[in-house]
Structure formats: structure tokens, C-alpha cells
Amino acid sequence: MISAKKDIDWSSLGFGYVKTDYRYVSNFKDGKWDDGVLTTDETVTLHESAGVLQYAQTCFEGMKAYRTVDGKVVCFRPDLNAQRMADTCERLEMAVFPQDRFIDAVEKVVKANLDFVPPYGSGASLYLRPYMFGSNAVIGVKPAEEFQFRIFATPVGPYFKGGVKPISLRVPDFDRAAPRGTGHIKAGLNYAMSLHPIVDAHNKGFNENMYLDSKTRTKVEETGGANIIFVTKDNKVVTPKSDSILPSITRRSLMYVAEHYLGLKAEEREIPFTEVKEFKECALCGTAAVLSPVGRVVNGDEEIVFGMDSMGEITKKLYDTLTGIQMGRIEAPEGWIKVIS
Ligand code: PLP
Ligand code: COI
């Protein structure tokens, strides 16, 4: 599937950066946000001592715009991204970009890049990356006073190569090393600290890490870029309860879908790693990961195999229902879908 206008082969897109026409920028100075503009300039010029460069004061969000079966362009629960970014900013001592303006800016960026929204059925979508960073000079350890908020858009395909083919995880023998208790926010620093474990996992032939809680190293937390769900032998959907994982919007939605669309029991609770071998299905969930089946998990000498051939039965139902809601094939719960065009 090739776009005549943009010369992009949508169905062969991976998860990478493709420059689109417009991005949104707004600056916070003297205690207030300016009006914000769309710009074609994809570069950012920074002071050498900007808070983001010295003390990593930066955070981001991840969301998508989808082309639906009837040709509309929609976003999925953008209010929850706006709220999570506000929570992250509070924790990082950054100015909060007002949530109504966040949604308005998302709408502006999508509308300005409509030709980059992949067609229905291509398997691709338009990924949106709202982000913010401390922009003025700081040298003592303290928060910046000026911030820049931006959103760019880039068309993406599947996060893991092979789309819905099962992936493999390993439990690393070191922590993600995010400062304890801050994994629940989308701070750039948390991702920086996960780069070493992820490169190490890739070098050893795994797609991702399954992190355990850093205090006792006995309970399942999440992976570097997605939450985890499991399915029990009696078809209950369970997911780890923890204050140090990112509260995934996809996961919250899947738990709702499990209960209200599929009539399954859904439970958020602590999950000891020793229980993982008892589950019949495992999958990663997130905006980028969507719902990616996990085929095996390795922890030292122990290997747990769920099956590397195909997506499990319940995972498939969850996947079909969630993507059906996002692409307009299945009626969404009230307030989940924001129509942009
Ligand atoms: N956990 C981490 C560490 C992530 O980076 C993401 C991606 O945003 C998620 C979970 C999934 O969150 P969401 O479903 O809101 O995209
Ligand atoms: C997302 O799913 O949007 C994420 O943030 C995951 C990853 C690309 C960092």
C-alpha cells in the first residue's frame, strides 16, 4: 500500500522516525505558556546549560491517530495522555501544559499532517509524541524555570518486527535502575536508565526485559516500553499491581474490554514471578506494542514457554476487540474516541 501523496509504503513501515510536515511548539516563560504555533522546523536549538541537558528534566507521552473503517481520523483516549503528562510534570517539577490545550495541540498536529495518517487496513498508524523539557540555563541542581512543550507526528508500523508474532523476554540480573518509585511516570530519565538492559537483552537474543520489583526482585513489574498481561488457565486476565510501573492506558482499556466486552474476569494484583509458569498466555500492551504476544520468558536457567507460533486465544480476542474499537469496527465506550477529521 503506497501513498500517492507522500510516497510511503505504509505496510512495510517499522517503528521509526519519518519526518512529517508540521509539529507544534509552545514555550513557558515568566510563569506562563505562549499561544503555541505549528512549525515546519524539526530541529530544536538549546542553551548549552539547559535543564534538560544537565539534569535530564524531560518527559514525554505516546499516543496514536488511526484511520477508521469509515475513513475518519481519530485519537484514542487523549484525555488520559494529557492527565498522565500533567502527573509526570508535577513529579518532575515542570510546568504543566494545560490539559485542554494538550488535546487542542494534538488535534492541530494531526490535522496538519492528515496525509501521513496511514490508510485503514495498512497495519500502520500515526504515532504522536508530545514531550517537554527544561530549556533555560541551570547549573545548581534545581528545576528549570522555562520549558518547551512540543508534539511531533510520525507514521509507524509494528513496534516489534514481525507484527503479531510472539516475542521473547528475559528477566535481567540488574534493575531497570530508574530511581525507585518513579517508574510510574514517563520521564526521559527512566528510559535512559533502561537503555543498557535493553541493549544487553538484544545482544542475548531477547526482544525485551521483564523487570521484577527492585525491592524484593520477586514480583513481575513491566517491560522497558510496555505493561504485561497474563491469562490464567481458567481465562482470567491478570496484570501486575505496582506503584512503580507506568499506568498504561492500553492496559486500563484492555481490562475494561476483558470485563465488559468479553465477559471475562480481570484482576490487577501482585504477581510473583513463581506464578508466571502457571499462566497460559502472556502479552505486552502499550500504545506502541498494541498487544504483542510473549512466546517465552527466560530467568537464569528457567525457561517458561507459552508458544512461539501464534497469539493465544484470549490475547487474540482482546487484540481484535481493542483494535476494533480504535478502528471504528466496534462501538467504543463513551468518551474513548476523539474524532479529529
Ligand atoms: N510502560 C512503559 C514503560 C511504556 O513506555 C509504555 C508506553 O507508553 C507503556 C507501559 C504503555 O502505556 P500506554 O498503554 O499508555 O501507551
Ligand atoms: C509508547 O507506547 O508510546 C511508548 O512510549 C513506548 C516506547 C516507544 C517508549
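Bear in mind the structure is a predicted one, so any value in this text is a computation, not a measurement.

What follows covers unusual backbone geometry. Positive phi outside glycine occurs at A56, with the angle close to 55°. Among the structural elements, A56 can be located in the loop between helix 1 (51–55) and strand 4 (58–60). The phi torsion at N235 lies on the positive side, around 65°, for a residue other than glycine. Tracing the backbone through its elements, the reader meets N235 in the loop between strand 11 (227–231) and strand 12 (237–240).

Before going further, it helps to spend a moment on the pattern of salt bridges. The final tally for this structure, using the stated rule, is 17 salt bridges. A salt bridge links R170 to D200; the nearest nitrogen and oxygen atoms lie 3.1 Å apart. With a gap of 30 residues between them, R170 in strand 9 (residues 167–170) and D200 in helix 5 (residues 195–203) connect regions that are remote in the sequence. Accessibility classification places R170 together with D200 in one group, the buried group. Its salt-bridge partner being E267, residue K236 comes within 3.7 Å of it at the nearest N-O pair. You can see K236 sitting in the loop between strand 11 and strand 12 and its partner E267 sitting in strand 13 (residues 266–269), a full 31 residues away along the chain. We classify K236 as partly exposed; its relative accessible area is 23%.

Our focus in this paragraph is the site of ligand 1. Every one of the 16 residues lining ligand 1 counts as a neighbour, but Y191, E222, S248, T250 and T287 are closest to it. In this structure, an oxygen atom belonging to ligand 1 sits 2.8 Å away from a side-chain N or O atom of K186. At 2.5 Å from an oxygen atom of ligand 1 is found a side-chain nitrogen or oxygen belonging to T250. The protein chains hide 96% of the 390 Å² of surface that ligand 1 would expose on its own. Looking at the shell around ligand 1, the elements that each hand over two or more residues are helix 6 (249–260) and strand 14 (281–286). Partitioning the shell around ligand 1 into residue classes produces 5 nonpolar, 8 polar and 3 charged.

Rules used throughout
What you see as residue numbers is a count from 1 along each chain, following the sequence as written. Whichever chain is written first becomes A and whichever ligand is written first becomes 1, with later ones labelled in order. Totals for whole chains, interfaces and linings use all residues, but because this is a predicted model, local features are given only for residues with pLDDT of at least 70 and pairs of side-chain atoms are given and counted only at 80 or more. In computing side-chain properties, one takes all heavy atoms of the structure into account and sets aside hydrogens as well as water. Runs of E in the DSSP output that reach at least two residues are strands. Runs of H or I that reach at least four are helices, and both are numbered from the N terminus. Here, a salt bridge means any Lys or Arg side-chain nitrogen found within 4 Å of an Asp or Glu carboxyl oxygen. Relative accessibility under 20% of the residue-type maximum defines a buried residue, over 50% an exposed one, and the middle range a partly exposed one, all with a 1.4 Å probe and only protein chains included. Only heavy atoms are used to decide nearness, and a residue is near a molecule or strand if one of them lies within 4 Å of it. The term polar contact refers here to a pair of N or O atoms within 3.5 Å; inside protein, the definition further demands a hydrogen-donor-capable atom paired with an acceptor-capable atom, and it admits residues adjacent in sequence only when both atoms are side-chain atoms. In these tables, accessible area is a Shrake-Rupley quantity obtained with a 1.4 Å probe, and a residue counts as shielded only by the protein chains included in the view. When residues are sorted by character, Ala, Val, Leu, Ile, Met, Phe, Trp, Tyr, Cys and Pro go into the nonpolar class, Asp, Glu, Lys and Arg into the charged class, and all the rest, Gly among them, into the polar class.

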